[in-house]
Amino acid sequence: MEIWINPACSKCRSALTLLDAEGADYTVRRYLEDVPSEDEIRAVLDRLHLEPWDITRTQEAAAKELGLKEWPRDESARDRWVKALAEHPRLIQRPIITADDGTAVVARTDEAVRDALSR
């Protein structure tokens, strides 16, 4: 399994602590340094069964500068959202765990981390 984190994020640190406590085998991806491509973001969205606007941190400064709250949230705008996430990775909600069974979860709670561990 892989976990996308921002080390400054308390939710990410909590998820790592829980993964360690459970003895999980995982790889850390510091996604602000190792920025996911548009294709990687699409693949994670497919695994999450979510749309790009569902994992976008709309309160970030970059989101406000881009005017994301005004962007359409439909199939015609999907690529535009994915491109924004790739160009501004701080907008990506974290942490995201890609589980061994091909699924993924936004692991902002202990329950979500445990869910990923159970897959």
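Report on the accompanying structure. (Residues numbered from 1 in each chain as written. Predicted model: local features only at pLDDT ≥ 70, side-chain atom pairs only at ≥ 80, totals over all residues. Heavy atoms only, no water.)

1. Brief notes about the environment of S118
Then comes step 1: Tracing the backbone through its elements, the reader meets S118 in the segment after α5 (110-117).
Then comes step 2: As for S118 and D101, which are separated by 17 residues in sequence, their C-alpha atoms are 9.7 Å apart.
Then comes step 3: At 2.7 Å, the side chain of S118 forms a polar contact with the backbone oxygen of D115. (Helix = DSSP H or I, 4+ residues; strand = E, 2+ residues; numbered from the N terminus. Polar contact = N/O pair within 3.5 Å; in protein donor to acceptor, adjacent residues only side chain to side chain.)

2. Notes on the packing of helix α2 (residues 38-48) against helix α4 (residues 78-87)
Then comes step 1: Where α2 meets α4, the closest approach of the two axes is 9 Å, and the angle between their N-to-C directions is 115°. On the basis of their axis angle, the class for α2 and α4 is roughly perpendicular. Judged by the twist between their axes, the crossing of α2 over α4 is right-handed. Residues E38, I41, R42, L45 and D46 of α2 lie in contact with α4, whose contacting residues are R78, D79, V82, K83, L85 and A86. (Axes fitted to C-alpha atoms, helices over the stretch in contact; angles between N-to-C directions. Parallel < 35°, antiparallel > 145°, perpendicular 65-115°, else oblique. Left-handed = near helix turned anticlockwise from the far one by under 90°. Contact = heavy atoms within 4.5 Å.)

3. So, the pattern of salt bridges
Then comes step 1: All chains considered together, the criterion is met by 9 salt bridges.
Then comes step 2: The salt bridge involving D39 is made with R42; its shortest N-O contact spans 3.3 Å. Of the two residues, D39 and R42 both sit in helix α2, 3 residues apart, roughly one turn of that helix.
Then comes step 3: Here R42 falls in the partly exposed class, since its relative accessible area comes to 22%. (Salt bridge = Lys/Arg side-chain N within 4 Å of Asp/Glu carboxyl O. Buried < 20%, exposed > 50% of the residue type's maximum accessible area, 1.4 Å probe, protein only.)

Remember that the coordinates give geometry; whether it matters functionally is a separate question.
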